[in-house]
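Structural description and commentary
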Amino acid sequence: NFGFGGGGSRQQRGRDVSIDINLSFKEAVFGVTRKVLLTKTNTCSHCSGSGAKAGTSLESCSTCGGNGKIRETRQSVMGSFTTVRECSSCHGTGKIPKERCTHCAGAGVAKTQEEITIKVPAGINNGEVIRLTGRGEAMPHGQPGDLYIKVHVESHHKIKREGTTLMIVLPIKLTDALLGNTYSIETLDGNVDIKIPAGIAHGELLRIKDRGVPAQNGRGDFMVKISIEVPKKLSKKAQKLVEELKEEGI
């Protein structure tokens, strides 16, 4: 005779669930709380997963005699083989409802809608996945699966992100580059006035501290990249003035 014991079989697990959510650029930077309504297999709220009608008890499973396992012996040319499997009637518990729950037909689980709150952390990147343990589909007398949320972040029409740093390209006039001026900058915290120093170079960076992406040790910076706009056409007056600047060696 050949015997194969059931041993400590691993508890069954429900299916994982995957969803996608879309975030604005600002929501991804500062974080946001989202609520989603999912239709999936959940633990029956009326019987708390027992499968028994409220007010009734459980009784010994007649299929397995209350053992939770079924021993099967098969004959072959090599002799008899004995296997032990989990009882499908009681899912290995050895107990079945005396009266079945009318809401889940005694299964202990039912397909229902569930509102799930998702807390998206600040600074999340496009394509990142949030995992909520145990918020996937339920399994009768088993562990629920996990919920995976893939994040899609919309791009901003002006602001770009590099790690914890936010950056914007600021076009300025040639005269403002030479003489200096003050410009209003659009940040995610609102508009900020920034002083352009006289004689600034094309491509130079100006920093606004603590207006970037929130992190564990504070916030990143907001960088302003200068783009000097050179006029394609000059009026006769402007051309004459530029020629005078040229004579001055500018």
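Our subject is the structure that appears above.
Everything numeric in this text was worked out from a predicted model, so none of it was measured. (Residues numbered from 1 in each chain as written. Predicted model: local features only at pLDDT ≥ 70, side-chain atom pairs only at ≥ 80, totals over all residues. Heavy atoms only, no water.)

**Considerations on the state of the cysteines**
Counting across every chain of the model gives zero disulfides. Free of any disulfide, Cys 44 has its nearest cysteine sulfur in Cys 47, 3.7 Å distant. Given a relative accessible area of 5%, Cys 44 falls into the buried group. (Disulfide = S-S within 2.5 Å. Buried < 20%, exposed > 50% of the residue type's maximum accessible area, 1.4 Å probe, protein only.)

**A few points about the layout of surface pockets**
Rolled over the atoms, a probe sized like a water molecule indicates the empty space that remains. The space that makes up the largest pocket amounts to roughly 370 Å³. Along the walls of the largest pocket sit 13 residues, with Leu 174, Thr 175, Leu 178, Val 242 and Leu 245 positioned nearest its centre. Among the elements of the structure, α2 (174-179) and α3 (236-247) are those that each provide at least two residues to the lining of the largest pocket. When residues of the lining of the largest pocket are assigned to their parent elements, the largest contribution, five residues, is made by α3. Of the residues that constitute the lining of the largest pocket, the class distribution is eleven nonpolar, one polar and one charged. The calculated volume of the second largest pocket comes to roughly 280 Å³. Around the second largest pocket, the lining comprises 16 residues; the ones closest to its centre are Ser 89, Cys 90, Ile 96, Pro 97 and Gly 106. (1 Å grid on protein atoms, 1.4 Å probe; cavity = no way out; pocket = protein on both sides within 12 Å on 5 of 7 lines; lining within 4 Å. Points joined across faces, edges and corners; volume = space filled by probe spheres on them. Helix = DSSP H or I, 4+ residues; strand = E, 2+ residues; numbered from the N terminus. Nonpolar A, V, L, I, M, F, W, Y, C, P; charged D, E, K, R; others polar.)

**Examining the sheet that holds strand β18 (residues 222-229)**
With respect to topology, four strands assemble into an open sheet ordered β11-β12-β18-β15, the strand pairing being mixed. Here the strands that pair on one side only, and so sit at the sheet edges, are β11 (160-162) and β15 (205-208). Neighbour-to-neighbour, the strand axes of the sheet open up by a mean angle of 35°, direction not taken into account. One ladder, built from eight bridges, connects strand β12 (residues 165-173) with β18; its direction is parallel. (Pairing = 2+ DSSP bridges. Axes fitted to C-alpha atoms, helices over the stretch in contact; angles between N-to-C directions.)

**Focus: unusual backbone geometry**
Working note: non-glycine residues mostly have negative phi, and peptide bonds are mostly trans. Its identity is not glycine, yet Ala 105 carries a phi of approximately 55°, on the positive side. Along the polypeptide, Ala 105 turns up in the loop between β7 (95-97) and β8 (109-120). At Asp 210, a residue that is not glycine, the phi angle is positive and equals roughly 60°. Following the sequence through the fold, Asp 210 ends up in the loop between β15 and β16 (214-215). When its relative accessible area of 45% is taken as the criterion, Asp 210 is described as partly exposed.

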